[in-house]
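Listed here are the chains, written in short residue letters.
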Amino acid sequence: MINWAKRKLAFLSKILPLSGPDEKSESALSQDRYKSLRIRLFFLIAALAGVPLVVIIIIGSVWLQGALREDFNNQLKGNIESTRQSIDFFIEERISALRFLASSNSFGQLSDGKYLNDIFINFKREFGELVDLGLIDSKGVQVTYSGPYDLRGKNYSNQDWFNAVAVRGVYVSDVFMGYRKFPHFVIAVKKELPEKGTFCILRATIDMATLNRYISTVNLKSRDDAFIVNRVGILQTQSRYHGNVLDTVNLEVPRPKEAVTLSEVRQGGTTFIFGYATIKNSDWTMGVMVAPTAQTSLVNLLASDIAAIYLVLLLISLGIFANIRITVKVVNWIREAELEREEAIVQTHHTGRLASIGRLAAGVAHEINNPLAIINEKAGLMKDLMQMTDAPIDRDKFIGLIKAISDSVHRCRTITHRLLGFARRMDIQHEEIDLNDTIKEVIEFLDKEVLYRNIGLVTRLKEDLPRIVSDKGQLQQVFLNIINNAIDAVKDGGKIVVSSEVKNRNMVRISVQDNGQGIPKDAVKSIFEPFYTTKGKGKGTGLGLSISYGIVQRLGGDISIESEEGSGSTFSIDLPIRAAGQ
Amino acid sequence: MAKAKILLVDDEVEFASTLAERLNIRGYETSTVYTADAVLERIAGNVPDIVILDLKMPGASGVDILKDIKKFNQSIEVILLTGHGSDQCNSECQSGGAFDYIMKPVEIEGLTVKIDMALKKKKG
Amino acid sequence: MKNVRLAFIDRILSSYAHEVRNYLAIIKETNGLMKDVLQIGKSRSVDSKQFLGYIGCVEDQIARAVSITDYLHRFAHRMDCGRAMISINDIAEELTALMTRLAYRKRIAFEKTLRGGIPQIEADPMLLHCLLFCIIDGKISRLDRNGVIRVGSSLSEGRVCLALESKGESSKETPTAICSDEELNELAAEIGAEILRNGEETIIKLPAA
């Protein structure tokens, strides 16, 4: 369990700041710390997941926007093309009809007003939108006219359209006001009169409404505009943004050579899609201005679609929810791992403590044997002297033997007294203690080992060291651990100095200095970490110093170490004169 | 004449001196040594028949002293004194070449039996 | 559970210490008496028989102190060995010896019927000590003075059994056992033991190794 908890925390430590040996174990479990961790993790996940998501959304949006625009543009082009074709067809049809009338009727027939009127009525019936029909001779004089006005005898020889049709044979005029003061356009066809060596022109006036109707078939919305302009940019139909018929548009309308062309224009602070196409057989260009709509803007598309808004909000909510869930789960995982580690350390601490109690108890058993053996020999000698010799009882000798028994009994009592004292201190409690006495008691426990290995253990204990309020049992364990480490570090015949002093008015200091092998510089900083050990495999769990560190921290003190490889180490334990929390 | 020369090696002075006296009463010529480094010197000066040796002496391992004694004079029989018997004690006994071991506090009759058996082995 | 274990060890060590102190006290008194006889009765000759009696008493106490110290030694070494092959009889012997003083406070005696030839079990001896201690401690706390606790071992259906039965008047005082029934069951589960309760008898069952 220890290793699993350790591995989990080691992995998480690489990506998140977690508690280390410098932090008190209580803070590892504090709610504030986990709250802060949750917040940091939430934003970390949001950043880690959000950044690529945003990038994907941007790329996707740009692509989708492009796709939407292209789709719309294609649709618009289609509409414009369709309308253009309709207008083309309309004009082409009327030209063909006029050509037919011109070719199938003689000049004389067309010069007959009644005849022409009949043709006009038939033409109008067939094709509608016809305002008038007239025959003009080669001099430009209106010979016959059928229509609502009296235009017979009118001379058009100076007008551009007359010259144009005379040259080209067919002419579709721009819209113009003319004599009738309303906008119209004219289709005129030339009829050759070879027998006279001249020509005449058959001319029909077309109603503006027709053009307007065709223009309106472009699928327009409220902000859109469609119009026809001539070569010099004069409106042939009404425009929403550019004025009435015969007004000049304030934008450049090029004449594309083929197909429908799209571009963008800025009008009144809005960027419009501007599509234009030429009308055949005329000098006209059809222009369509479409305002950005939902169909051209992804944002607008989404904004206009309640379902899409709802879906986006739902996705964002799900994302936040998932983030929160993951954050909570990870923090709980961290908390569990830390709790497991704490539990494992506490468990190992407990096991270590039991093991150290076991060693002490075994030590007591060994130690008490000696004085018991002495008592046994003394009593045995008394018995031998009485049973096995004939000499009278030497009272002084016997009293000496009895005194020796008494001394050994006292020695046993001291050992058992120490054992009792130790046993009673196994619960944490605070009491006023004499640290020097505590140190001496601990050293007594280690007497045999020190003697056995010929180690010179010297105490330099400040005589009037202030008594401190702390947990004697726990401190005994700390001192035992530190001094044991010193014993392990020195060779046989080595030196250990245990000293006590007043550090300042709030703290006392206990130092354990040895002339052992010392600790390498890079190991010193890790020496108090759980599971760190400089001893060989199988020799120690590496928890003794970590546990001692924890105990001293909990008692409000601190442990530090100075060490030089090859020269030895000094552990300094600083303790408050008043216990933490008092 | 003494039954045998016995050298008692133990750092507990009161114990060793009293046991020595008890063995003297029982007809043995017993001397005592209280430190590990004095053992070989004493043996060299006056070779004992039996050495009764405490297994745990300060500054030295009882097994090392045992081996030194055996190296000095193979014929000296050694009986080890120990606080608590164990398999480890048994193996230390055998590996060092000791005759036997006895636990403290010492049962004097049991000790004298082992001393006599060791002497028999020595003569045998 | 950690507190239970520490409390149990505390009691055992205290019990041992008090027991040895008891023997030492007797040695001291006997010793003092011998001194008095030698010093005060200077003019009189020493009654050898009487004196040998005193010495015998001292030797008896030494033997008892040595015996219980041996149990302490074995107990101490069990505390850090983890799971091991152990004899239920040895565990029962050690623990009842170490608890003698605790039981003696209420003049409660142990009667042991530990059968030979029982196979060893594989368990953590320290935990088993603790379990046994908790059961016996509970019985002691519920018994009035002059009671008896019978400890018997047996083998049944491939399982090693240790039966603990208290005999005597029930105490009118509130029981002060260190371990509740729940903690006891938890401890038993940790060892892999089954506890059966039948009136005043508690039986611990463990699979034989």
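Since this is a predicted model, take the numbers as computed values, not measurements. (Residues numbered from 1 in each chain as written. Chains lettered and ligands numbered in written order. Predicted model: local features only at pLDDT ≥ 70, side-chain atom pairs only at ≥ 80, totals over all residues.)

### Some points on the overall build of chain B
Argument step 1. Across its full length, chain B holds five helices and seven strands.
Argument step 2. Secondary structure elements of chain B, listed N to C terminal, follow the sequence β-α-β-α-β-β-β-α-β-α-β-α.
Argument step 3. Within chain B, buried positions represent 41% of all 124 residues. (Helix = DSSP H or I, 4+ residues; strand = E, 2+ residues; numbered from the N terminus. Buried ≥ 20, exposed ≤ 12 C-beta atoms within 10 Å, placed from the backbone.)

### Some thoughts on the packing of helix H5 (residues 125-142) of chain C against helix H6 (residues 181-191) of chain C
Residues and elements named next belong to chain C.
Argument step 1. For the pair H5 and H6, interaxial distance at closest approach is 10 Å and the crossing angle is 150 degrees. Classed by the angle they form, the pair H5 and H6 counts as roughly antiparallel. In this structure, H5 crosses over H6, and the sense of that crossing is left-handed. Residue-level inspection shows Leu 127, Leu 128, Cys 130, Leu 131, Cys 134 and Ile 135 of H5 in contact with H6, the latter providing Leu 184, Leu 187, Ala 188, Glu 190 and Ile 191.
Argument step 2. Across the contact of H5 with H6, the residue classes break down as ten nonpolar, no polar and one charged. (Axes fitted to C-alpha atoms, helices over the stretch in contact; angles between N-to-C directions. Parallel < 35°, antiparallel > 145°, perpendicular 65-115°, else oblique. Left-handed = near helix turned anticlockwise from the far one by under 90°. Contact = placed C-beta atoms within 7 Å. Nonpolar A, V, L, I, M, F, W, Y, C, P; charged D, E, K, R; others polar.)

### Focus on the sheet that holds strand E6 (residues 194-198) of chain C
Sheet strands associate in pairs through backbone hydrogen bonding, adopting either a parallel or an antiparallel arrangement.
Residues and elements named next belong to chain C.
Argument step 1. Here we have five strands laid out as an open sheet, ordered E2-E4-E5-E7-E6, and mixed in their pairing. Either end of the sheet is taken by a strand with one partner, and the two such strands are strand E2 (109-114) and E6. Geometrically, the sheet is characterised by an average inter-axis angle of 15 degrees between neighbouring strands, direction not taken into account.
Argument step 2. Bridge count between E2 and strand E4 (residues 148-156): six bridges; the pairing is parallel. When the sheet's bridge partners are listed, Thr 113 is paired in E4 with Gly 152. (Pairing = 2+ DSSP bridges.)

### Here we look at unusual backbone geometry
Argument step 1. The step from B:Lys104 to B:Pro105 runs through a cis peptide bond, and the omega angle for that step is -10 degrees.
Argument step 2. Along the chain, B:Pro105 turns up in the loop between strand E7 (100-103) and helix H5 (108-123).
Argument step 3. Notably, C:Arg107 is not glycine yet its phi reads approximately 55 degrees, a positive angle.
Argument step 4. Locating C:Arg107 in the fold gives a position in the loop between helix H4 (100-104) and E2.
Argument step 5. The exposure class assigned to C:Arg107 is partly exposed, which follows from the 13 C-beta atoms found within 10 Å.
Argument step 6. Unlike most non-glycine residues, C:Glu157 shows phi in positive territory, near 50 degrees.
Argument step 7. With respect to the secondary-structure elements, C:Glu157 resides in the loop between E4 and strand E5 (159-167).

### Some details on the nonpolar core
If you look at soluble globular proteins, the nonpolar side chains tend to sit buried side by side.
Argument step 1. With 155 residues, the main nonpolar core has A:Ala361, C:Leu131 and C:Cys134 as its most contacted residues.
Argument step 2. Ignoring any residue separated from it by four or fewer positions in sequence, one finds C:Leu131 in contact with C:Leu187, C:Ala188, C:Ile191, C:Ala193 and C:Ile204.
Argument step 3. One finds A:Val186, A:Ile201, A:Ile206 and A:Met286 within the second-largest nonpolar core, a separate group that totals 56 residues. (Core = buried A, V, L, I, M, F, W, Y, C linked by C-beta atoms within 7 Å.)

### Digging into the pairing of strand E6 (residues 225-229) of chain A
Residue and element names in this part refer to chain A.
Argument step 1. Here E6 lies mainly inside the structure; five of its five residues are buried.
Argument step 2. Both faces of E6 are covered, namely the face carrying Asp 225, Phe 227 and Val 229 and the face carrying Ala 226 and Ile 228.
Argument step 3. Of the pairings in the sheet, the one linking E6 to strand E9 (residues 285-290) comprises five bridges and is antiparallel in character. Bridge assignment links Phe 227 to a residue of E9, and that residue is Gly 287.

### Notes on the interface of chain A and chain C
Argument step 1. Taken together, the contacts link 33 residues of chain A with 37 residues of chain C.
Argument step 2. Counting only elements with at least two residues in the side of chain A that touches chain C, the list comes to helix H9 (306-387) and helix H10 (395-424) of chain A.
Argument step 3. By residue number, the principal contributor to the side of chain A that touches chain C is H9(A), which donates 17 residues.
Argument step 4. Across the side of chain A that touches chain C, the residue classes tally to 23 nonpolar, six polar and four charged.

### Quick notes on the confidence of the model for chain A
Residue and element names in this part refer to chain A.
Argument step 1. Looking at chain A as a whole, its pLDDT mean stands at 82, while 85% of the residues score no less than 70.
Argument step 2. Per-element confidence in chain A is highest for strand E13 (residues 495-502), whose mean pLDDT is 96, and lowest for helix H2 (residues 25-28), whose mean pLDDT is 48.
Argument step 3. In the model, residues 537-541 has pLDDT below 50 throughout and makes four contacts with residues more than four positions away in sequence or in other chains. (pLDDT = per-residue confidence, 0-100.)

### Considerations on the confidence of the model for chain B
Detailed conclusions should not be drawn from predicted coordinates in areas where pLDDT is low.
Argument step 1. The pLDDT averaged across chain B works out to 87; a share of 94% of its residues lies at or above 70.
Argument step 2. We note a pTM of 0.56 for the whole complex and an ipTM of 0.80 for its interfaces.

### As for helix H11 (residues 435-445) of chain A
Argument step 1. Among the residues of H11(A), those classed as buried are A:Leu435, A:Thr438, A:Ile439, A:Val442 and A:Phe445. Considered in projection along H11(A), the buried side chains sweep an arc of 115 degrees and stay on one side of the axis. (Arc of directions from axis to C-beta.)

### A short note on the sheet that holds strand E7 (residues 261-267) of chain A
Residue and element names in this part refer to chain A.
Argument step 1. Ordered in space as E6-E9-E8-E7, the four strands form an open sheet in which the pairing is antiparallel. Across the chains shown, the open sheet's two edge strands, defined by having one partner strand only, are E6 and E7. With strand direction ignored, the average angle separating the axes of adjacent strands in the sheet is 25 degrees.
Argument step 2. Pairing analysis gives seven bridges linking E7 to strand E8 (residues 270-278), with the strands arranged antiparallel. Counted as the bridge partner of Arg 266 is Thr 271 from E8.
Argument step 3. On top of the sheet, helix H3 (residues 31-104) reaches E7, E8 and E9; it is set at about 40 degrees to E8, its chief contact.

### Examining the packing of helix H3 (residues 88-98) of chain C against H5(C)
All names here are of chain C.
Argument step 1. The geometry of H3 relative to H5 is characterised by a closest axis approach of 10 Å and an angle of 55 degrees between their N-to-C directions. Classified by the angle their axes make, H3 and H5 are oblique. Between H3 and H5 lies a crossing of right-handed hand. Contact with H3, carried on its side by Ile 91, Ala 92 and Leu 95, involves Pro 125, Leu 128, His 129, Leu 132 and Phe 133 of H5 and no other residues of that element.
Argument step 2. Of the residues in the contact of H3 with H5, the class split is seven nonpolar, one polar and no charged.

### Looking at the environment of B:Asp54
Argument step 1. Looking at where B:Asp54 falls in the secondary structure, it is placed in strand E3 (residues 50-54).
Argument step 2. Contact partners of B:Asp54, with chain neighbours within four places excluded, come to B:Val9, B:Asp10, B:Asp11, B:Gly62 and B:Leu81.

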